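# Examination of the molecular architecture
This is what each chain is made of:
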Amino acid sequence: MSTSKHPRSWVISANDHPDFPLQNLPFGVFTRPGFSRRGGVAVGNYIFDLQVAVEADLFDGAARVAAESASRGQLNDFFALGASPRRALRSQLLSLLDENSPQRERLQALGETLLVPMSDCQMHLPAQVGDYTDFYVGIHHAMNVGKLFRPDNPLLPNYKYVPIAYHGRASTLCVSGTPVKRPNGQTLAPGAEVPAFGPSKRLDYELEVGVWMGQGNEAGEPINIVDAGEHIAGFCLLNDWSARDLQAWEYQPLGPFLSKSFATSISPWVVTAEALAPFRSAQPERPVGDPKPLDYLFDEQDQSRGALDIELEVLLLTVQMREQGLAPQRLALSNALNMYWTVAQMVTHHSVNGCKLQAGDLFGTGTLSGPQPGQFGSLLEMTEGGKHAVELPTGETRKFLEAGDEVILKARCRREGEVSIGFGECRGRVVG
Ligand code: MN
């Protein structure tokens, strides 16, 4: 018998897996050759096929209902069920996959029918996204970018009262691995009086966390801050590709438009709130002199447990680096604790006017930069708007992204006494 506080799995590759140990169990949608698109759970180097598991009658009660929903070609129905069936399913998955599971032999007999090697599978968007909203809660990013655009007035006065956001474009969300085509648009060259049309010369990435909505609300019925956590299904990595030259010309007065809507990449695995529970933190104290959030955004429990301690990383791999067999170069290491607002505050604020949120809606947090160099989640910040170049091991330099550049986002949770979990990767290669 295992005496450890942390159970291990009979799926050997799960034990000490950097991303997908037994403690994670994220949900995703996949295909393998010859089979229909379906939902599964990542465990070690395998995907646990929920459709096969349901057919083999492995679950009962609420977990069975949840598994059936999650086994479909999109996770919207599963997200809509809410937190309680999802927890029931997690608990039965944990016991089925535990090294001491009484069902172990029966499951092992199903072999690769049930546990599909991840390397044979293609991942897809986990849900049909009705609406995608991008927030701006990374305060260091907001400060860094604000300084570039408005040196005397980096943070606008609403920032510390309102979780700022704009409505993004759901139709161009794409799963990790999808190539990203450089956009055309209008740009105003320095000193010019009229804009020119052509390919963006200042293509950038943004390091963000994605938030998947679970059960939604009815129009006109806001989600109370106390209940907001129950409406979140899970988390992923999100790269909000940005054409800075288009953005600078178009963003006033209504915010970003074509500079962002050409592509947004996300990682395929939905890491659940349950898997992240050991990595919850107190929301960092606001600096002295900052206002307390208005009452509808303030909840003691959310302040003491609502932040997420997730290490976030950006890496870059150029064509030359790939050809020379070099490893991707780290551009930034940051943390989701750099959020000025919690995820619960984002959900509550989004719905407070009566706006209807639906299962499968996706939020981006905004770029999560840290305060120090080496922690900046975009090239705009690293190069101070293109003033300095980033040096790469090939001798190449970058102010913004060039053709063939691949941006890789990663996330990892680690805490003393807990099993680390990861998010997998969010990759995208620039074409053109
Ligand atoms: Mn963004």
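Further up the page is the structure itself.
Overview of the structure. Here the residue numbering is sequential within each chain, running from 1 through the sequence in written order. Local features in this predicted model are restricted to residues of pLDDT 70 or higher, and side-chain atom pairs are both shown and tallied only at a pLDDT of 80 or more, whereas totals for entire chains, interfaces and linings draw on every residue. With hydrogens and water excluded, all non-hydrogen atoms of the structure serve as input to the side-chain values.

### Let's talk about helix α12 (residues 343-351)
What counts, and what does not: Think of it in three bands: residues with accessible area under 20% of the maximum for their type are buried, residues over 50% are exposed, and the middle band is partly exposed, with areas taken using a 1.4 Å probe on protein chains only. Secondary structure is summarised from DSSP: a helix means a run of H or I of at least four residues, a strand means a run of E of at least two, and numbering begins at the N terminus for each.
The element α12 is largely enclosed, with a buried count of nine among its nine residues. Restricting attention to buried positions, one finds in α12 the residues Val343, Ala344, Gln345, Met346, Val347, Thr348, His349, His350 and Ser351.

### Re the nonpolar core
Here is the rule we go by: Buried residues of nine kinds, namely Ala, Val, Leu, Ile, Met, Phe, Trp, Tyr and Cys, make up a nonpolar core once their side-chain atoms join them within 4.5 Å. The criterion used for residue contact is that any of the two residues' heavy atoms lie within 4.5 Å.
Formed by 60 residues in total, the largest nonpolar core has its most connected members in Phe235, Leu276, Ile310, Leu312, Leu401 and Phe423. The contacts of Phe423, once residues within four sequence positions are left out, are Asp19, Phe20, Phe235, Cys236, Leu237, Ser267, Trp269, Val271, Leu276, Ile310, Ala411 and Cys413. Counting residues in hydrophobic clusters, the runner-up holds 44 residues, among them Ala53, Val129, Ile266 and Leu362.

### Observations concerning the layout of surface pockets
Note the threshold: Put simply, the grid is 1 Å and covers the protein atoms alone, a cavity is a trapped set of points that fit a 1.4 Å probe, a pocket is an open set with protein on both sides within 12 Å along at least five of seven lines, and lining residues have an atom within 4 Å of a point. Grid points are joined across faces, edges and corners, and a volume is the space filled by probe spheres set on the points. Residue type decides the class: Asp, Glu, Lys and Arg count as charged, Ala, Val, Leu, Ile, Met, Phe, Trp, Tyr, Cys and Pro as nonpolar, and the leftover types, Gly among them, as polar.
A volume near 690 Å³ is recorded for the largest pocket. Every element with two or more residues in the lining of the largest pocket is listed here: β6 (132-135), α7 (139-149), β7 (165-167) and α8 (244-250). Tallied by class, residues from the lining of the largest pocket come to 17 nonpolar, nine polar and seven charged. For the second largest pocket, the calculated volume is near 490 Å³. In this structure, the second largest pocket is lined by 19 residues; those nearest its centre are Leu188, Pro190, Arg202, Asp245 and Ala248. Looking at the lining of the second largest pocket, the elements with two or more residues in it are α7, β10 (184-187), β11 (196-199) and α8. In terms of residue class, the lining of the second largest pocket is made up of eleven nonpolar, four polar and four charged.

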